[in-house]
Amino acid sequence: MQNKLIKVDIADKVAVVTLDNPPVNAYSKEFAEELIEVFDELNDTPEVRCIVVTGRGKIFSAGADIKNRQSVGDIKGETYRHLRRTREVSNCIMECGKAVIAAVNGPALGAGMGPIVAADIILASDNAVFGLPEIDIGLMGGARHTMSLFPKSLARRMILTGYRVPAAEAYRRGIIEACVPLEDLMDEAMKIARSIASKSPKALSLAKRAINTVEHMPLRDGYRFEQNLTVEMTRHEDSKEAMRAFVEKRPAEFKDTI
């Protein structure tokens, strides 16, 4: 991994991914490409069972690098390459076979909300806000992702007015799992991450496959899909170890294999 604009630290089967593009973690071409590369590599790293993504300092991400964005259309084909990169930032997180926790340490705006909406679990510091400033800066985008996380009226208010939702409001509405002081954010995120990392890698992989597949399936089809995953799980050694540990009243010991 490059560890230039995106820093990665791995310990105790948890990878902490830190957006580190001062001053506001804006999305340049290099930033987006490195973020995609990081998640692709972590997805292929057996000793990592959970990923926490956060930002450096007191800003998660201010979204698009507007100065950089202005020159996108000057090179033939670059507009479409730029749009594809932006889509893949969310896709590489959403499609990751590892559980992803977003620890939102400050404002998350526009494209900066991509990793958050794509994450499995969201926590935020009490200085964080969520917003779509596109309506005020001559851009569009983010509506579909935002509508998948925020309630209808609130999402449309954000899209049409640029309203920034404070973390406390997002927590009150049940949109995020926690709203805590900034200094407590990573401790709270790591508690959940370590709990996830203690689980079977095979079970986590199948759970992520289920989450990413059944959300938009009819109930009958979705349940059948999950039952097939259950069959697959019971044939794996981790299933046998989990059952033995339960009977013997001890912690299960899983290997980093899927």
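Conventions we followed
- Residues numbered from 1 in each chain as written.
- Predicted model: local features only at pLDDT ≥ 70, side-chain atom pairs only at ≥ 80, totals over all residues.
- Heavy atoms only, no water.
- Salt bridge = Lys/Arg side-chain N within 4 Å of Asp/Glu carboxyl O.
- Helix = DSSP H or I, 4+ residues; strand = E, 2+ residues; numbered from the N terminus.
- Buried < 20%, exposed > 50% of the residue type's maximum accessible area, 1.4 Å probe, protein only.
- Core = buried A, V, L, I, M, F, W, Y, C linked by side-chain atoms within 4.5 Å.
- Contact = heavy atoms within 4.5 Å.

### Here's the deal with the pattern of salt bridges
Close approach of charged atoms lets side chains of opposite charge pair.
Here comes step 1: Applying the stated criterion to the full structure yields 17 salt bridges.
Here comes step 2: The partner of Arg56 in a salt bridge is Asp20, with the nearest N and O atoms 3.0 Å apart. On the criterion of sequence distance, the pair formed by Arg56 in the loop between strand 3 (50–55) and helix 2 (66–69) and Asp20 in the loop between strand 2 (14–19) and helix 1 (29–43) is long-range, its members being 36 residues apart.
Here comes step 3: Since its relative accessible area comes to 10%, Asp20 is described here as buried.
Here comes step 4: Residue Glu248 is joined to Arg250 by a salt bridge in which the shortest nitrogen-to-oxygen separation is 2.7 Å.
Here comes step 5: The exposure class of Arg250 is partly exposed, given its relative accessible area of 29%.

### Quick notes on the nonpolar core
Soluble globular proteins tend to pack their nonpolar side chains together in the buried interior.
Here comes step 1: With 43 residues, the main nonpolar core has Val17, Phe39, Ile51, Val104, Phe130 and Phe150 as its most contacted residues.
Here comes step 2: In this view, Val104 contacts Phe60, Ile116, Ile122, Leu123, Ala124, Ser125, Ala128, Phe130 and Leu185; residues no more than four positions away in its chain are not counted.

### Quick word on unusual backbone geometry
Here comes step 1: Cis geometry marks the peptide bond from Pro22 to Pro23; its omega dihedral reads 5°.
Here comes step 2: One can find Pro23 in the loop between strand 2 and helix 1.
Here comes step 3: Of note, Asn3 is a non-glycine position whose phi angle comes to about 55°, a positive value.
Here comes step 4: Taking relative accessible area as the criterion, Asn3 reaches 33% and is therefore assigned partly exposed.
Here comes step 5: A positive phi angle, close to 55°, is found at Asp12, a residue other than glycine.

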